[in-house]
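# A look at the structure
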Amino acid sequence: MSDSFMHYHQSALDNQMEDNAIQDLQDSGIYPEPDNDAILESIAEKYHIQPTYICDKSTMNYSVRYVIRNEDNQIVRHYWKSSWTLKKEAEEALSEIVQERFEELPEPGDYDE
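Below is a summary of the structure that appears in this document. Here the structure is a predicted model, which means the values were calculated and not measured. (Residues numbered from 1 in each chain as written. Predicted model: local features only at pLDDT ≥ 70, side-chain atom pairs only at ≥ 80, totals over all residues. Heavy atoms only, no water.)

What follows covers the overall build of the protein. If you tally the helices and strands in the protein, you get three helices and two strands. The linear arrangement of helices and strands in the protein, starting from the amino end, is α-α-β-β-α. Within the protein, the proportion of its 113 residues that are buried is 17%. Relative to all contacts within the protein whose residues are 6 or more apart in sequence, the contacts with residues 24 or more apart total 26%. Put simply, the protein shows about 9,200 Å² of open surface, and 51% of that area lies on carbon and sulfur atoms. (Helix = DSSP H or I, 4+ residues; strand = E, 2+ residues; numbered from the N terminus. Buried < 20%, exposed > 50% of the residue type's maximum accessible area, 1.4 Å probe, protein only. Contact = heavy atoms within 4.5 Å. Areas by Shrake-Rupley, 256 points an atom, 1.4 Å probe, with all protein chains shown as cover.)

What follows concerns the environment of Glu 103. Of note, Glu 103 is situated in helix α3 (residues 87–104). With a relative accessible area of 58%, Glu 103 lands in the exposed category. Taking the C-alpha atoms as reference, Glu 103 lies 10.0 Å from Leu 40; in sequence the two are 63 residues apart.

This paragraph deals with the pairing of strand β2 (residues 61–69). Sheet topology places strand β1 (residues 48–56) next to β2; nine bridges connect them, and they run antiparallel. Along β2, the bridge assignment pairs Tyr 53 with Val 64. In sequence, β1 turns back onto β2 through a hairpin of four residues, with Met 60 there showing a positive phi of about 60°. (Pairing = 2+ DSSP bridges.)

A contiguous patch of negative charge on the surface is contributed by Asp 35, Asp 37, Glu 41 and Glu 45. For Asp 35, a relative accessible area of 59% translates into the label exposed. (Patch = residues over 30% accessible without salt bridge, like charges linked within 9 Å, V, L, I, M, F, W, Y side chains within 5 Å. Salt bridge = Lys/Arg side-chain N within 4 Å of Asp/Glu carboxyl O. Lys, Arg positive; Asp, Glu negative; His and termini not counted. Charge placed at Lys NZ, Arg CZ, Asp CG, Glu CD.)

Structural data, given as C-alpha cells:
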C-alpha cells in the first residue's frame, strides 16, 4: 500500500519539498525574489565594461585595462580601484556594484507617505 501511495504522490511531495526549500532560502535572504531579477537587470543596464589601451612610450608595448562606466560615461570606482587587468575581475566588480545599488534601494513598504 505504501508503494502505490508513493507512486501516485511522489511528484507532488517532491514539488512541495522544493517549494518549502525555496521559501526558506527567500526568507533568509539567500534566494532572490523573481521580481528582483528584473530590478537587478535594470541596474546593470546602467553600466558597461570598456577596454582601455595603455601604451608604455619607453617600450612601445600596449596593455589593456578594463574600466566600468556608468550611464553618463563616467568611470566608476569600486573600493580603491578604477580599472582591472582582467575582464573577469571587472565583471565581478560590476556584479558587486549592482548588488550594492540594489541593497541601497528602499524596501517597498519603506516609502514615506
